[in-house]
Amino acid sequence: MAPVGADRPGGLGGNRDTAILALLSFAMLTVSLDQYIVVVALPDIARDLGYSAQTLQSVISAYAVASAGFLLFGGRAADLLGRRRILAAGLALYAAAALVGGLATGPGTLLVARAVQGLGGALVFPTTLALINVTFREGRARNRALGIWGGAGAAGLVIGVLLGGLLTHAFGWEAVFLVNVALAVPALLLAFVLIPADPPRDRTRRFDLPGALSVTLGVTLIVFALVQGPGSGWLSPAILLTAAAGLLLLGTFALVERRSADPLVPPRLLANPSLVTSVVIAFMFMATFGSVLYFLSLHFQQILGYDALETGVGFILPTAVVVAGSTTAGQLATRFGLWRTLLGALAVGALGAALLGTAATPDGSYAALVPGLVALSAGDGIVFTGMFIAAGTGVPDRDQGIASGIASTGSGMGAAVGLALLVLVETAGLHGLTGEELRDATAQGIGNALFAVAAGIALTFFFVLFRPEARSAAQPGPLPPCRGRRC
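(A) Broad picture of the overall build of the chain. Assigned secondary structure in the chain consists of 17 helices and zero strands. By the compact-globule yardstick of 23 Å for 487 residues, the chain fits well, its C-alpha radius of gyration being 21 Å. Each principal axis of the C-alpha atoms in the chain carries an extent, and together these give about 70 × 45 × 40 Å. Across the 487 residues of the chain, 57% fall into the buried class. Counting only contacts in the chain whose residues sit at least 6 apart along the sequence, the fraction spanning at least 24 positions is 85%. When the accessible surface of the chain is summed, it comes to about 19100 Å², and 68% of that surface belongs to carbon and sulfur atoms. Computed over 28 positive and 24 negative side-chain charges, the inter-centroid distance for the chain is 18 Å.

(B) Spotlight on the packing of helix α6 (residues 140-171) against helix α15 (residues 366-392). Closest axis-to-axis distance for the α6/α15 pair is 9 Å, and the angle between their directions is 130°. As far as their axial angle goes, α15 and α6 are oblique. With respect to the hand of their crossing, α6 and α15 are arranged in right-handed fashion. Listed contacts from α15 to Arg 142, Asn 143, Leu 146, Gly 147, Trp 149, Gly 150, Gly 151, Gly 153 and Ala 154 of α6 are Asp 380, Gly 381, Phe 384, Thr 385, Phe 388, Ile 389 and Gly 392. Here the residues of the contact of α6 with α15 sort into six nonpolar, eight polar and two charged.

(C) Looking closely at a nonpolar patch on the surface. Together, Trp 234, Leu 235, Leu 240, Leu 421 and Leu 424 make up an exposed nonpolar region whose accessible area comes to about 490 Å². Note on placement: Leu 235 falls in the loop between α8 (209-232) and α9 (237-259). Judged by its relative accessible area of 74%, Leu 235 is exposed.

(D) Examining the confidence of the model for the chain more closely. For the chain, per-residue confidence averages 86 on the pLDDT scale, and residues scoring 70 or more make up 92% of the total. Looking at the elements of the chain, mean pLDDT is at its lowest for helix α12 (residues 308-314), recorded as 82, and at its highest for helix α14 (residues 338-359), recorded as 97. Contacts from residues 4-12, a stretch scored under 50 in pLDDT, to residues over four places away or in other chains number 25 contacts. Within the model, the stretch residues 470-487 combines pLDDT values under 50 with 29 contacts to residues more than four positions away or in other chains.

(E) Seen up close, the side chain of Arg 84. Relative to the helices and strands, Arg 84 is located in helix α4 (residues 83-103). Nearest to the buried, unbridged Arg 84 among oppositely charged side chains is Asp 198, at 5.0 Å. Among the polar contacts made by the side chain of Arg 84, one reaches the main-chain carbonyl oxygen of Phe 192 at a distance of 3.4 Å. Each residue touching Arg 84, except ones within four places of it in the same chain, is listed here: Ala 191, Phe 192, Ile 195, Pro 196, Ala 197 and Asp 198.

(F) Looking closely at the pattern of salt bridges. The tally for this structure, following the rule as stated, stands at eleven salt bridges. A salt bridge links Asp 34 to Arg 114, with the nearest nitrogen and oxygen atoms 2.7 Å apart. Here Arg 114 lies in helix α5 (residues 107-135) and Asp 34 lies in the loop between α1 (15-33) and α2 (42-49), a separation of 80 residues in the sequence. Side by side, Asp 34 and Arg 114 carry an identical accessibility label, which is buried. Taking the shortest distance from any N to any O, the salt bridge between Arg 439 and Asp 440 comes out at 3.9 Å. With a relative accessible area of 25%, Arg 439 lands in the partly exposed category.

(G) Representation of the environment of Ala 454 within the structure. With respect to the element layout, Ala 454 can be found in helix α17 (residues 435-465). Look at Ala 454 and you get buried, because its relative accessible area is 11%. The sequence separation of Ala 454 and Gly 231 amounts to 223 residues, and the corresponding C-alpha distance is 25 Å. Every residue in contact with Ala 454, bar those within four places of it in the chain, is listed here: Ala 350, Ala 353 and Ala 354.

(H) Examining the nonpolar core more closely. Among the nonpolar cores identified, the biggest contains 135 residues, and Trp 149 and Phe 295 are the most heavily contacted of them. In terms of residues, this core owes the most to one element, helix α11 (residues 273-303), which gives 14 residues. In this structure, Trp 149 is in contact with Leu 24, Ser 25, Met 28, Phe 125, Thr 128, Leu 129, Ile 132, Phe 384 and Phe 388, ignoring residues within four places of it in sequence.

(I) Here's a closer look at the packing of aromatic side chains. Using the criterion set out here, one finds 15 aromatic pairs in the structure. On the basis of an interplanar angle of 10° and a centroid distance of 6.5 Å, the ring pair of Phe 462 and Phe 466 is categorised as stacked. By the ring-pair criterion, three or more aromatic residues cluster together here, those being Phe 125, Trp 149, Phe 285, Phe 289, Phe 384 and Phe 388.

(J) Just the packing of α6 against helix α13 (residues 316-336), in detail. Where α6 contacts α13, the two axes come as close as 7 Å, and the packing angle between them is 165°. The angle between α6 and α13 places the two elements in the roughly antiparallel class. In terms of crossing hand, the pair formed by α6 and α13 is right-handed. The residues of α13 that touch α6, namely those facing Arg 140, Asn 143, Arg 144, Gly 147, Ile 148, Gly 150, Gly 151, Ala 154, Ala 155, Val 158, Ile 159 and Leu 162, are Ile 316, Pro 318, Thr 319, Val 322, Val 323, Ser 326, Thr 327, Gly 330, Gln 331, Ala 333 and Thr 334. Within the contact of α6 with α13, the residues separate by chemical class into eleven nonpolar, ten polar and two charged.

(K) Representation of the side chain of Thr 216. For Thr 216, the position within the fold is in helix α8. Here Ala 212 takes part through its backbone oxygen, which lies 2.7 Å from a polar atom of the side chain of Thr 216. Setting aside its immediate chain neighbours within four residues, Thr 216 contacts Gly 69, Phe 70 and Phe 73.

(L) Quick peek at the environment of Thr 460. As for its position among the elements, Thr 460 is in helix α17. Relative accessible area serves as the criterion here: at 3%, Thr 460 is assigned to the buried category. Considering only alpha carbons, one finds Thr 460 and Asp 262, 198 residues apart in sequence, at a separation of 33 Å. Those residues within four positions of Thr 460 in sequence are excluded, and the remaining contacts are Ile 281, Met 284 and Leu 346.

(M) Quick look at helix α16 (residues 400-427). Its 28 residues place the ends of α16 40 Å apart at the C-alpha level, agreeing with the 40 Å of an ideal helix rising 1.5 Å per residue. When you tally the buried positions in α16, you get 24 out of 28 residues, the bulk of the element. Where α16 terminates, the next one or two residues include Gly 429, which has phi positive at roughly 85°.

Rules behind the numbers
Residues numbered from 1 in each chain as written. Predicted model: local features only at pLDDT ≥ 70, side-chain atom pairs only at ≥ 80, totals over all residues. Heavy atoms only, no water. Helix = DSSP H or I, 4+ residues; strand = E, 2+ residues; numbered from the N terminus. Rg over C-alpha atoms; globule rule 2.2 N^0.38 Å. Buried < 20%, exposed > 50% of the residue type's maximum accessible area, 1.4 Å probe, protein only. Contact = heavy atoms within 4.5 Å. Areas by Shrake-Rupley, 256 points an atom, 1.4 Å probe, with all protein chains shown as cover. Lys, Arg positive; Asp, Glu negative; His and termini not counted. Charge placed at Lys NZ, Arg CZ, Asp CG, Glu CD. Axes fitted to C-alpha atoms, helices over the stretch in contact; angles between N-to-C directions. Parallel < 35°, antiparallel > 145°, perpendicular 65-115°, else oblique. Left-handed = near helix turned anticlockwise from the far one by under 90°. Nonpolar A, V, L, I, M, F, W, Y, C, P; charged D, E, K, R; others polar. Patch = residues over 30% accessible without salt bridge, like charges linked within 9 Å, V, L, I, M, F, W, Y side chains within 5 Å. Salt bridge = Lys/Arg side-chain N within 4 Å of Asp/Glu carboxyl O. pLDDT = per-residue confidence, 0-100. Polar contact = N/O pair within 3.5 Å; in protein donor to acceptor, adjacent residues only side chain to side chain. Core = buried A, V, L, I, M, F, W, Y, C linked by side-chain atoms within 4.5 Å. Phe/Tyr/Trp six-rings, centres within 6.5 Å; stacked < 30°, edge-to-face > 60°. Expected span 1.5 Å × (residues − 1).

Okay, structure coming up:
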């Protein structure tokens, strides 16, 4: 697919290309919102399907584990098997699993549906990013397109909580699954209408099946151990064996890659400093910014006493700010340079998390949270888009899928690690408490978790500030003047 968007400086190309961008952004929104759409519905799901307090978190973790484990596989499959094919396959899996989840009558069926949804999301996420990067030329056009795509993705994380509250209140928890069918099916059909057919497969490029299997299983087992560790105990035999097996498989993956003629992760990509930096940022982003939604939902419901609908309404403000930040991030990166933009957003985000930690008190109010919500959400939106601009910078078209998979795997791993560690911070000291003491301690724990988020964002700021200097060709800063044949 030839890059477009060069016919008008900084433009997004013709009507068809704009329609493709809209479709890819909509697909990204669809899979992003599902990460948190069930959070508000969890109490109702537990009551109707018989989940215990210890097993309820698995409704979220089943999606996270499957999604994180298959992102590399999805990205490489898009490069080798065809991006439209993989996007369609991912949307079909996602819609089918959502239908099964909405009709589930027992916890086992629901968990399987959530895992398959995660697999579908793992195919869709890197493929939409790769399609953006090969459709729009690197620079202003791509930055603007990624701003729109990133706005949809970052907003999806927050809209999921908002929509989950509205749907649960109006129609019951089943609606948070069935709505995904209504979203994914039209996107699937439009993919065949708008996205050009995939070219014939390049038979000289082979799919590294041993590498794909080892890294997929390895990442899946490690994420599973991280997610289940707080509940099962970090030193329990099951967790230790799972983590050890995951590390062994990742070691096997490294050996397979060294011997492979066409490795799953080409070594040349690991020499791209912009991509490597983006992976670290993506990991830390989901471990910090991405975890805040969980704790805000707890604070709204357990401390402020909001019901599902009120909790959803409480996320309208951060949703609007996240969308605004994400959609302007591309323009900011073009004007001021990507790394300056990211540093500014990280500084604002760290301040916002600290303000939220201060305001998350037992006798606090929503109004007291607003300054922190605005600052954190602004940083959230800009960083989300910026880290994926970095992931595609300096990467050839033939490798955009796997580069997207590498960066999104970092974000998936970060989501699991961050939430696991922050839940430990939030729940420390709650054992044995009841009534008002439990409520006060919960508010204190949420505040401590938010302060930990602020520290993590600050750590990311210093990593970006002192990162190894990228090659000038990999710096997506302001574009030079157009002269002569370069026009």
